[in-house]
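Below are the chains, spelled out letter by letter.
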Amino acid sequence: MDRAAELVFYVNGRKVIEKNVDPETMLLPYLRKKLRLTGTKYGCGGGGCGACTVMISRYNPVTKRIRHYPANACLMPICSVYGAAVTTVEGIGSTRTRIHPVQERIARCHGTQCGFCTPGMVMSIYTLLRNHPDPTLDQLTDALGGNLCRCTGYRPIIDACKTFCNTSGCCQSKENGVCCLNQGINGFPELEEGNKTSSKLFSEEEFLPLDPTQELIFPPELMIMAEKQPPRTRVFAGERMTWISPVTLKELLEAKAKYPQAPVIMGNTSIGPEVKFKGVFHPVIISPDRIEELNVVNSANNGLTLGAGLSLAQMKDTLAAVVLKLPEERTQTYRALLKQLGTLAGAQIRNMASLGGHIMSRHVDSDLNPLLAVGGCTLNLLSKEGARQIPVNEQFLRKCPSADLKPEEILISVNIPYSRKWEFVSAFRQAQRQQNALAIVNSGMRVFFGEGDGIIRELSISYGGIGPTTICAQNSCQKLIGRPWNEEMLDAACRLVLDEVSLPSSAPGGKVEFKRTLIISFLFKFYLEVLRLLRRMDPVHYPSLADKHESALEDFHPRHRQSALKYQKVDPKQPPQDPVGHPIMHLSGIKHATGEAIYCDDMPAMDGELFLAFVTSSRAHAKIVSIDVSEALSLPGVVDVLAEEHLQGVFCVGQLVCAVIADSEIQARRAAKRVKIVYQDLEPVILTIEEAIQHKSFFEPERKLEYGNVDEAFKVVDHIVEGEIHLGGQEHFYMETQSMLAVPKGEDQEMDVYVSTQYPKGIQDIVASVLKLPANKVMCHVKRVGGAFGGKAFKTGVMAAITAFAANKHGRAVRCILERGEDMLITAGRHPYLGKYKAGFMKDGRILALDMEHYGNGGASLDESLLVLEMGLLKLDNAYKFPNLRCRGWACRTNLPSNTALRGFGFPQAGLITEACITDVAAKCGLSPEKVRMINMYKEIDQTHYKQEINAKNLIQCWRECMAMSSYSLRKAAVEKFNLENSWKKKGLAMVPVKFPIGLGSRAAGQAAALVHIYLDGSVLVTHGGIEMGQGVHTKMIQVASRELRMPLSNVHLRGTSTETVPNANVSGGSVVADLNGLAVKDACQTLLKRLEPIISKNPRGTWKDWAQAAFDESISLSATGYFRGYESNMNWETGEGHPFEYFVYGAACSEVEIDCLTGAHKNIRTDIVMDVGCSINPALDIGQIEGAFIQGMGLYTIEELNYSPQGVLYTRGPDQYKIPTICDIPTEFHVSFLPPSQDSNTLYSSKGLGESGVFLGCSVFFAIHDAVSAARQERGLRGPLKLNSPLTPEKIRMACEDKFTKMIPRDKPGSYVPWNIPI
Ligand SMILES: Cc1cc2nc3c(=O)[nH]c(=O)nc-3n(C[C@H](O)[C@H](O)[C@H](O)COP(=O)(O)OP(=O)(O)OC[C@H]3O[C@@H](n4cnc5c(N)ncnc54)[C@H](O)[C@@H]3O)c2cc1C
Ligand code: FES
Ligand code: FES
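In this text, all values refer to a predicted model and were calculated from it rather than measured experimentally. (Residues numbered from 1 in each chain as written. Chains lettered and ligands numbered in written order. Predicted model: local features only at pLDDT ≥ 70, side-chain atom pairs only at ≥ 80, totals over all residues. Heavy atoms only, no water.)

Caption draft 1: Representation of the sheet that holds strand S3 (residues 53-60). Pairing in this open sheet of 5 strands is mixed, and the strands run S2-S1-S5-S3-S4 from one edge to the other. In this open sheet, the two strands that pair with only one neighbour each are strand S2 (14-18) and strand S4 (65-72). Strand after strand, the sheet turns through a mean of 30 degrees between neighbouring axes, direction not considered. By the bridge criterion, 8 bridges tie S3 to S4 in an arrangement that is antiparallel. Counted as the bridge partner of Asn 60 is Arg 65 from S4. Strands S3, S4 and strand S5 (85-87) of the sheet are contacted by helix H4 (residues 118-131), whose axis makes an angle of about 30 degrees with S3. (Pairing = 2+ DSSP bridges. Helix = DSSP H or I, 4+ residues; strand = E, 2+ residues; numbered from the N terminus. Axes fitted to C-alpha atoms, helices over the stretch in contact; angles between N-to-C directions. Contact = heavy atoms within 4.5 Å.)

Following this line, the structure appears as structure tokens:
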């Protein structure tokens, strides 16, 4: 044994020798903290977000081949990189040397906004290109399946990918003999470039070519090391953990015999999350990654043998090669495995995770184990005692000791038999999201018939997601043997399986009835699939499937992604050097892509820096009896525990109770777990809106608006509908978690706070108040924010104040970075809503009276709940004139973490309630919802319900253009035809308008300031009060300065935002950051220009350097502040009248979806958006905002689901449980078009703020699904109102498409059990 070995590996071509390695360390913190390579980001720590993606390269001395693969550095134990070459984003290119084409293209194609996900994206694309220099678009999008982006909506990232495909996105299947690129996917023309419009946001001609010969080579030293390494076990011993890496199988077996309880770590994707999130600890780890015997691939007469050490990606490649070679009847199991491997996790996890680790973990939601069980697979085991084989069966999967490995045994390989003639194997899964999401239920099914007789000889059915592990319906299968494959058999099978595979009402994970339905829906699919195959083999004896049933088997068409954009070119008369109106790349785009952009936690550690970790309440409503910090304080490295003296009680789970300060993050977190709090539970615990209503638990005051005479109007209408809709909340899921660093300056009690916030002034105020200092002693600095969406405004303040308090108390810098789970728990998000409506309308769809009630779940403290509610009431009219309207709203006080601002600020909830009401009205009138929308839309000149005048001309134009662009009528007819022909798949089409009011409700809230300096070399520095959080405000500000000062963009610089340069800046939010700060920058520039004009006119051919020097010589100030007072804005809630908004953003979106009625899955086929953006300052940024917001909205209304326990504990605390859209969720076809420019003299160059409005348009997908579900229900004879709440998850879709299967399942009587989760 080679004790206390040195860890040797390479990072970016440089050798790293680590003498004192701690095996508990993961590669990510090592890169970030030890090697100071901060380009690789922390987003979740659990392999779920891809922000930490790096490329790992390994040389295999046996095959003499180098394998490059993407990996999540957050789950990679540092010891496992021995002998590997790690490439990080810094290693492939930099602005100091040469940027890599991947970095350049993602930036120039506008694929970065906040840029926090970008290094991970870059590394995923880069790694793919290392292996496939000429990839298909499918390979590229597949490679990005494990990378989340919360900002861009992915379309521009796909655009960047396309530039690496020779086929540039062509699907290669020439429908009607025409290339897809030339026909538009639905056969309709794409948006064309006109004289005045453009569809291009970048020019490919300028891109650096991809030259694979330029890449870093694999370090020869590592090859030599691998070839000649002494055959000795390596041991790395840390403080608490020992890592043993044997080199031969014999040594591996010896190690396992010596440490039978030690896990055998391969990919660490199962053990890693357990250690990190569940506190599991292993003192000894065995890592067999050098054992060749674990990587075998053998084919024998009876099947394939795959080494347990093969990664799932290698397994996928192997199986893909085998199915190409062998006849279909022999590869049934392999095909089914391939299907599952296609959607299992993301590329990084598939490349890290091993087959052996996967099987041995026996996760409840394993996608492969159900298939390995039905496929008759066996496991080859070895120990010092010898070899043996065991089957993958229910007993093994349940970990029955008699069927399991002995502690000293190792899984060497897996035999997967070939299938036989008349044998069929299928795989099924349904998850919250199509890809990279653990299955809610999955299944493997196999049947074997007697030769040509159609009689079941063998049948195996396994399910995942149901019990504590994979379960097999053995008894049911046994009873069905000997039966023919017909409908009676199916019916019996469903009943038997439902009986055998029962699921208790309170089962963990919830969705109990959905799961029960899936169990038999999958069975039905299998039945049909086998029937189709039988018919193919013997058309004489087997009937063909009814056409209508065919659709149960079709997968959603994996069509190639298309996008088309249209925006207005600048006026040809505009001077060429004026950048306003051009699609200028994000100022930090390249730095995002090279990893050089610095975020808060990328700042180097200060001397003596401490780390702060919070302890939060575990009770929803309780008195604090005692807090015992003694054990925490006694741990090494712990400096202090801060607890608020007067804290008597807690009002939600996740409330901050105390904070532990220690020398390192690990020490602080370990100690935080040792703080002991004794609670005494208090009543009542109010969690849901309904409970708040019952207890009258509201934040005051109730808000109300009334317009016209509602009661009279109800008397004259033809019909009245009443309904309600519930909307779940939403997590911000900014990629950079809450981060702050407080640095005491050591002099005059000054404190600098570096923080990821939208509101530096707010931080300054609260820190100053906590430290009892005047504001001029506290400065807050923000370079950039890795996404915020409203969650880094008020939430950050309290945490920053505690961090600064700790820093002040100890006179040392203190850093606090929230983990993803903490962040989700503590900061909460969008308000869940309950909307009740009563609408009175005429037969033709005109709504004459509307009475609305809004209830927002505010959580435990007020935060912005009242403001959100008010905005909801003011904006609920959306695009419609309701001549008589009464709306009332209540912000509910509950025992949940306090909800706060989130992009759209009340509008996404209020708008959806109104649209749901319109959909009900349409159903009652027998009209399409679009017709009813059009009938009730504002006329050109009109008045809102708070009596503000509007001109809705552009709204109507957006609507008409969207109708035309989406070919709404033609496609509506096509959808109806499709629905007539298909029973189990339905399509839906919906179009919604948006009128998004822009304004902050008061003039003071809209004021903004800027500071512009000209230096003597002629360069310019701009500062303003806005925060760069991805929306590109700094880029726009530089465009403004460049236009005003008539100087090139490259001459203007912007360093960040600070309370030192611009005091008293308002919070950055509400879509107006560029609007307001741009007017201030413009003002400052104009002041300077005015001062300098005499000098410029004296020397018109001079340079800025000449003019600056001349001004200096003449004692003319070269620095100016700029100011904008804010728009006039008022609202009187007493009279219900006012002018709260400055202008309106108009738009419309049309979406088409296809749903699978049996599983609840949906696919967004196409979305067309038309927006009125005024005169865009930067079309690339504006399109980015619209698309990003749309995808965020789509997530809100369809898949993003927060789950709370009945005790108010948030379950969904990471990307593994909470699903935001990934690259596979975006519309297959995505069109965005701007209306021709319209002039508005009040705004900055007649531009409009677009940050939020797009979120609401995501509900076009919600209503398209609604349309599809209605079609399914109609076909099944279900009439009457359809009540669908948001988000419209697979569960809700499936359960609404009622059929014989939903009728078959056992139902639980509400109130008869304690559910796993509650809708809040
Ligand atoms: C973000 C994320 C997404 C995921 N998504 C999916 C998904 O969609 N579908 C799905 O099915 N799964 C999914 N998984 C789970 C994943 O498939 C498993 O974590 C993985 O396969 C485990 O393999 P590993 O090599 O990393 O195991 P490790 O964590 O290295 O080891 C796991 C266990 O296996 C044991 N073990 C490993 N090899 C051997 C051996 N040769 N002999 C004896 N014991 C051994 C170890 O002792 C340990 O107990 C996901 C995981 C993550 C982190
Ligand atoms: S930080 Fe590693 S995957 Fe999220
Ligand atoms: S740019 Fe992708 S998360 Fe912000």
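Once the structure has been displayed, the description carries forward.
Caption draft 2: Summary view of the UniProt feature "domain: FAD-binding PCMH-type" (unreviewed entry) in the protein. In the numbering adopted here, UniProt assigns the feature "domain: FAD-binding PCMH-type" (unreviewed entry) to residues 236-421. Secondary structure over residues 236-421 splits into 36% helix and 20% strand, and the C-alpha atoms at its two ends are 52 Å apart. (UniProt positions renumbered as here; feature names shortened; annotations may be inferred.)

Caption draft 3: Quick peek at the sheet that holds strand S32 (residues 814-817). If you walk across this open sheet you meet the 8 strands as S22-S24-S20-S32-S29-S30-S31-S43, and the pairing is mixed. Looking at which strands have only one partner, the edges of the open sheet turn out to be strand S22 (638-643) and strand S43 (1057-1058). Of the strand pairs in this sheet, strand S29 (residues 739-744) and strand S30 (residues 751-755) are connected by 5 bridges, and their pairing is antiparallel. Bridging from a neighbouring strand, Leu 741 pairs with Tyr 754 of S30. Strands strand S20 (610-616), S22, strand S24 (656-662) and S32 of the sheet are contacted by helix H23 (residues 665-672), whose axis makes an angle of about 25 degrees with S20. Relative to S29, helix H27 (residues 795-810) is tilted by about 30 degrees, and along the sheet it contacts S20, S22, S24, S29, S30 and S32.

Caption draft 4: Representation of the packing of aromatic side chains within the structure. Following the criterion strictly, the structure yields 31 aromatic pairs and no others. Consider the rings of Phe 907 and Phe 1256, whose centres lie 5.0 Å apart with planes at 85 degrees: the pair is edge-to-face. Placement of the pair is Phe 907 in helix H30 (residues 907-925) and Phe 1256 in helix H38 (residues 1253-1257), with a sequence separation of 349 residues. Both residues of the pair, Phe 907 and Phe 1256, belong to the buried class. Pairing Tyr 1211 with Trp 1316 gives two aromatic rings, centres 3.9 Å apart and planes at 5 degrees, and the pair type is stacked. (Phe/Tyr/Trp six-rings, centres within 6.5 Å; stacked < 30°, edge-to-face > 60°. Buried < 20%, exposed > 50% of the residue type's maximum accessible area, 1.4 Å probe, protein only.)

Caption draft 5: Up close: the site of ligand 1. Within the structure, ligand 1 sits among 32 residues, and Val 264, Met 266, Thr 269, Ser 354 and Asp 367 are positioned closest to it. In this structure, Val 264 approaches ligand 1 through a main-chain N or O atom, which is 2.8 Å from an oxygen atom. In the environment of ligand 1, an oxygen atom lies 2.9 Å from a nitrogen or oxygen atom belonging to the backbone of Gly 267. When isolated, ligand 1 has an accessible area of 980 Å², and the protein chains bury 92% of it. Looking at the shell around ligand 1, the elements with two or more residues in it are helix H14 (355-361) and strand S14 (410-417). The leading source of residues in the shell around ligand 1 is H14, at 5 residues. The residue makeup of the shell around ligand 1, split by class, is 16 nonpolar, 13 polar and 3 charged. (Near = heavy atom within 4 Å. Polar contact = N/O pair within 3.5 Å; in protein donor to acceptor, adjacent residues only side chain to side chain. Areas by Shrake-Rupley, 256 points an atom, 1.4 Å probe, with all protein chains shown as cover. Nonpolar A, V, L, I, M, F, W, Y, C, P; charged D, E, K, R; others polar.)

Caption draft 6: Fine view of the nonpolar core. In this structure, Tyr 463 and Trp 485 are the most contacted members of the largest nonpolar core, which totals 294 residues. Tyr 463 has contacts with Pro 370, Val 441, Asn 442, Ser 443, Met 445, Thr 469, Thr 470, Ile 471, Val 497, Val 501, Ile 519 and Leu 523, leaving out every residue within four places of it along the chain. By size, the runner-up hydrophobic cluster in this structure holds 75 residues, among which are Val 81, Leu 310, Ala 373 and Cys 377. (Core = buried A, V, L, I, M, F, W, Y, C linked by side-chain atoms within 4.5 Å.)

Caption draft 7: Representation of unusual backbone geometry. Going from Glu 683 to Pro 684, the amide bond is cis rather than trans, its omega being -10 degrees. With respect to the helices, strands and loops of the structure, Pro 684 is situated in the loop between strand S25 (676-681) and helix H24 (689-695). Note the cis peptide between Ser 1286 and Pro 1287, where omega equals 0 degrees. Looking at the element boundaries, Pro 1287 is found in the loop between helix H39 (1259-1275) and helix H40 (1290-1296). Even without being a glycine, Asn 268 presents a positive backbone phi close to 60 degrees. A positive phi is found at Asp 863, a non-glycine position, where the angle reads about 45 degrees.

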